[in-house]
Amino acid sequence: MKIRSVSLGIIRKEENILVEVINYPGISTTFYRPIGGTIEFGENSKRTLIREIREELNQEIEEPQLIFVIENIFGVLDDRGHEIDFIYEVNLKDKTFYDLDEINGIEGDIRYKAQWKPLHFFESDSDVKLVPDGLLDLLSQRDNNNISVIKHVKT
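First things first, this report covers the structure right here in the doc. (Residues numbered from 1 in each chain as written. Predicted model: local features only at pLDDT ≥ 70, side-chain atom pairs only at ≥ 80, totals over all residues. Heavy atoms only, no water.)

A closer look at the pairing of strand 1 (residues 4-13)
Summarising burial for strand 1: 7 of the 10 residues are buried, a large majority. Pairing of strand 1 with strand 5 (residues 79-90), which is carried by 8 bridges, proceeds in the parallel orientation. Bridge pairing in strand 5 links serine 7 to phenylalanine 86. As judged from the 4 bridges shared by strand 1 and strand 3 (residues 30-38), these two strands associate in the antiparallel manner. Its bridge partner being in strand 3, valine 6 is matched across the sheet by threonine 38. In the sheet, strand 1 pairs with strand 2 (residues 16-23) via 2 bridges, with the strands oriented antiparallel. Note on strand 2: the bridge partner recorded for arginine 12 is isoleucine 17. Adjacent in sequence and paired antiparallel, strand 1 and strand 2 are bridged by 2 residues, among which glutamate 14 carries a positive phi angle near 55°. (Buried < 20%, exposed > 50% of the residue type's maximum accessible area, 1.4 Å probe, protein only. Helix = DSSP H or I, 4+ residues; strand = E, 2+ residues; numbered from the N terminus. Pairing = 2+ DSSP bridges.)

Topic: the side chain of glutamine 59
Along the chain, the position of glutamine 59 falls in the loop between helix 1 (45-57) and strand 4 (65-76). Aside from chain neighbours lying at most four places away, what touches glutamine 59 is Ile53, Arg54, Leu92, Asp94 and Phe97. (Contact = heavy atoms within 4.5 Å.)

Some details on the side chain of glutamate 89
In this structure, glutamate 89 sits in strand 5. Take glutamate 89: its relative accessible area is 17%, and that puts it in the buried class. A distance of 2.6 Å separates polar atoms of two side chains, one belonging to glutamate 89 and the other to arginine 12. (Polar contact = N/O pair within 3.5 Å; in protein donor to acceptor, adjacent residues only side chain to side chain.)

Let's talk about the packing of aromatic side chains
What the rule picks out here adds up to 5 aromatic pairs. Ring centres of tyrosine 32 and phenylalanine 121 lie 5.5 Å apart, and the angle between their planes is 90°; this geometry places the pair in the edge-to-face category. One end of the pair, tyrosine 32, is in strand 3; the other, phenylalanine 121, is in helix 2 (residues 119-124), with 89 residues separating them in the sequence. When the centroid spacing of 5.5 Å and the interplanar angle of 65° are considered together, the rings of tyrosine 32 and phenylalanine 122 count as edge-to-face. Taken together, the positions of tyrosine 32 in strand 3 and phenylalanine 122 in helix 2 put the pair 90 residues apart, joining distant regions of the chain. On the basis of relative accessible area, tyrosine 32 is assigned to the buried category, the value being 7%. Classification of phenylalanine 122 by relative accessible area gives buried; the value is 6%. (Phe/Tyr/Trp six-rings, centres within 6.5 Å; stacked < 30°, edge-to-face > 60°.)

Structure follows, in structure tokens:
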């Protein structure tokens, strides 16, 4: 098993965050993940986030601020994963983008929908999950305490 390093951006609109909607065949849970992707060799996590948001949403961002690092060991169906997730607070330069209810994104050749969701959406329904694991707790804590954290999660 390889360890994958990922850079993700928390883009906020009032009480909402922008998340990619992810569905896996054979799983009833809908997963939601902040926008971002895999760090390439020789690239730091900040540059990755800038590149990923440019590639996926065709948007430029202001200077991102690192708020969390999550080490996440997880399983989906028969696959196991191990990620180091760098989580940044991000603002888009194009403010008109915040007026959209749903945003079309592209990851490689795969098109997806990104949606604005409030944090409480992920607490109220067992068929939805914000990933990476531990992110919801950290975002809720940060909203209360304005802290930066490194978290280790094994699910």
